[in-house]
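# Overview (structure and organization)
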There are 2 protein chains.
Amino acid sequence: MKPKQRRSQILEAVGQQGEVSVEVLAQRFDVSVETIRRDLGQLAESGVLQKVHGGARRLRLHAEGSFDERMAENAEAKQIIAKKLAAIVEPGDTIFIDTGSTTLICAQALAAIDRLTVITNSVRVAQVLGKSEKNITVYLLGGTFSHDNAETVGPLVIDQIARFQVDHAVLTVAAINADVGAMDSDFDEAQVARAMIDHANHTIVLANVEKLGRNAAYRVCRLDEINSIVCDQSPGAEFTAALDWAKVELR
Amino acid sequence: MKPKQRRSQILEAVGQQGEVSVEVLAQRFDVSVETIRRDLGQLAESGVLQKVHGGARRLRLHAEGSFDERMAENAEAKQIIAKKLAAIVEPGDTIFIDTGSTTLICAQALAAIDRLTVITNSVRVAQVLGKSEKNITVYLLGGTFSHDNAETVGPLVIDQIARFQVDHAVLTVAAINADVGAMDSDFDEAQVARAMIDHANHTIVLANVEKLGRNAAYRVCRLDEINSIVCDQSPGAEFTAALDWAKVELR
DNA sequence: AAATAACTTGTCCATTCGGGCATTATCTGC
DNA sequence: GCAGATAATGCCCGAATGGACAAGTTATTT
């Protein structure tokens, strides 16, 4: 086996397992531990992994891997959402997805649907869906990059959203109540959500039950502008009545 | 057997098996190892495979080659290039950066410069620079998301680039030669690079010495459209003369 | 603080690389 | 068809690379 090949396999192993020991690598490639150390030294030098005592670790920039693991944990909830969404979103549809922890899980669920076109401002959503085998086209909206949430925001994003007219807008919100409607805790994200609603034929809001009845700083839209709410469990009768009145479909 | 035929079979073998040794090839074609080495030298020169100690490897420029692997290549050369680039860019500048392993390393170097505005189609570049404490604004260009390289491409990207007019365009290319100019191995990336050049006052091309004199599928620009080439080491006298003639500054 | 594991550095040997040179095959123009 | 030119090939040798072993140093554990 050639050194290059070995190093690339080391890199792959580190990427997959997160952390590997010098000893294990030496056995696997049947070379001495010194050789492995030199390899790790080079790889660390070039900044693609991190050396630790006893082995090497993937650096957190490549959080995709651990990211997937976290996604896998929520498999059950994902399945529930996937089923509910699959009833709304059909193969071949075009949809907006905004940034949020819920929409991210949702993206994973959508990755199983064929021929989707997804337009999002979330880098993570784009990454999840881009990996899909299901012939999904992903448009990542451009704008000011916000590192914290790995998303783009700002006027440029709004501007680009306006170029599309899609079937569904799939949104995460911070709070919903019967009087005000949907709200977000971040101004920029609220603006993005607002724009997505304006250019979608059908608006789907994802919200776990805790968010119902609460308040947040920035308003996204009125209750009757929402077409569907996907919820993990049934909300109270009072809220259900309000939804009914606003002709919102509850899932 | 004709040399041409042999070379094409070597290329095929490398493509199939990923990696082959000089020894094996020499036996298979019943020629000396020197001949095989020469063949590999030529093939590597034209950029269709990669030489390694003891043989040759398929390069994974197009296929889903892990980006990390490319990061690990020529790490030292890229560090040198990054340092030189940091000397050109000044605090407060606005720059384009395209996608590439070299530009990614450079992004790390640029993260130390104050008050930059960076416009890029690379998610990774955005992540690296977004992390900086140096008051850097990052615009991520929107477009069709390509999962392999974590970048956006397509007409939307081109369209957005046209909205900017920046100080420097910092580009990675696959090959440069005196006759054709700069080339890329990916059509979409070549288009993006082209657009960036058109909307920048100063074009900087990053290239390690191996890329000089090579060829690649898609043309980016003529030599005289480049203002500066940042190289890890001095190219041959012949190439230097060509750069001189085209009034390209060499670093 | 001692014991142990892990890391670093230096040396040596085998393999591989690359250039120079001689030989042979192929091409080209007459 | 022939002579000269060009390219391809094989062999040799000094230089470079990779890997194992060993000795010394640093870090971790108990």
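Structure shown above.
Now for a look at the structure at hand. None of these values were measured; they are calculated from a predicted model.

### Quick word on the packing of helix H2 (residues 22-29) of chain A against helix H3 (residues 33-45) of chain A
All names here are of chain A. The geometry of H2 relative to H3 is characterised by a closest axis approach of 9 Å and an angle of 110° between their N-to-C directions. Classified by the angle between their axes, H2 and H3 sit roughly perpendicular to one another. Along this stretch, H2 crosses H3, giving a crossing that reads as right-handed. Facing Val22, Glu23, Leu25, Ala26 and Phe29 of H2, the residues of H3 in contact are Val33, Ile36, Arg37 and Leu40. Partitioning the contact of H2 with H3 into residue classes produces seven nonpolar, no polar and two charged.

### Considering the protein's contact with DNA strand C
Around DNA strand C there are 15 residues in total, and Arg37(A), Gly54(A), Arg37(B), Lys51(B) and Gly54(B) lie nearest to it. Here a base oxygen of DNA strand C and a side-chain polar atom of Arg38(A) are 3.0 Å apart. Within the contact set of DNA strand C, a phosphate oxygen lies 3.2 Å away from a backbone nitrogen or oxygen of Val52(A). Looking at the surface near DNA strand C, the elements that each hand over two or more residues are H3 and strand E2 (50-52) of chain A together with strand E2 (50-52) of chain B. Classifying every residue of the surface near DNA strand C by side-chain character gives four nonpolar, six polar and five charged.

### A short note on the protein's contact with DNA strand D
Around DNA strand D sit 16 residues in total, of which Arg6(A), Thr35(A), Arg6(B), Thr35(B) and Arg38(B) are the nearest. Protein-adjacent atoms of DNA strand D, using a 4 Å cutoff, are sugar or phosphate at a proportion of 65%. Between Ser32(A) and DNA strand D, the recorded distance is 2.9 Å, taken from a side-chain N or O atom to a phosphate oxygen. Take Thr35(A): an N or O atom from its side chain is 2.5 Å from a phosphate oxygen of DNA strand D. Class assignment of the residues belonging to the surface near DNA strand D gives a composition of four nonpolar, six polar and six charged.

Here is what the cut-offs are and how they apply
Residues numbered from 1 in each chain as written. Chains lettered and ligands numbered in written order. Predicted model: local features only at pLDDT ≥ 70, side-chain atom pairs only at ≥ 80, totals over all residues. Heavy atoms only, no water. Axes fitted to C-alpha atoms, helices over the stretch in contact; angles between N-to-C directions. Helix = DSSP H or I, 4+ residues; strand = E, 2+ residues; numbered from the N terminus. Parallel < 35°, antiparallel > 145°, perpendicular 65-115°, else oblique. Left-handed = near helix turned anticlockwise from the far one by under 90°. Contact = heavy atoms within 4.5 Å. Nonpolar A, V, L, I, M, F, W, Y, C, P; charged D, E, K, R; others polar. Near = heavy atom within 4 Å. Polar contact = N/O pair within 3.5 Å; in protein donor to acceptor, adjacent residues only side chain to side chain.

Purely geometric numbers; function is a separate question.
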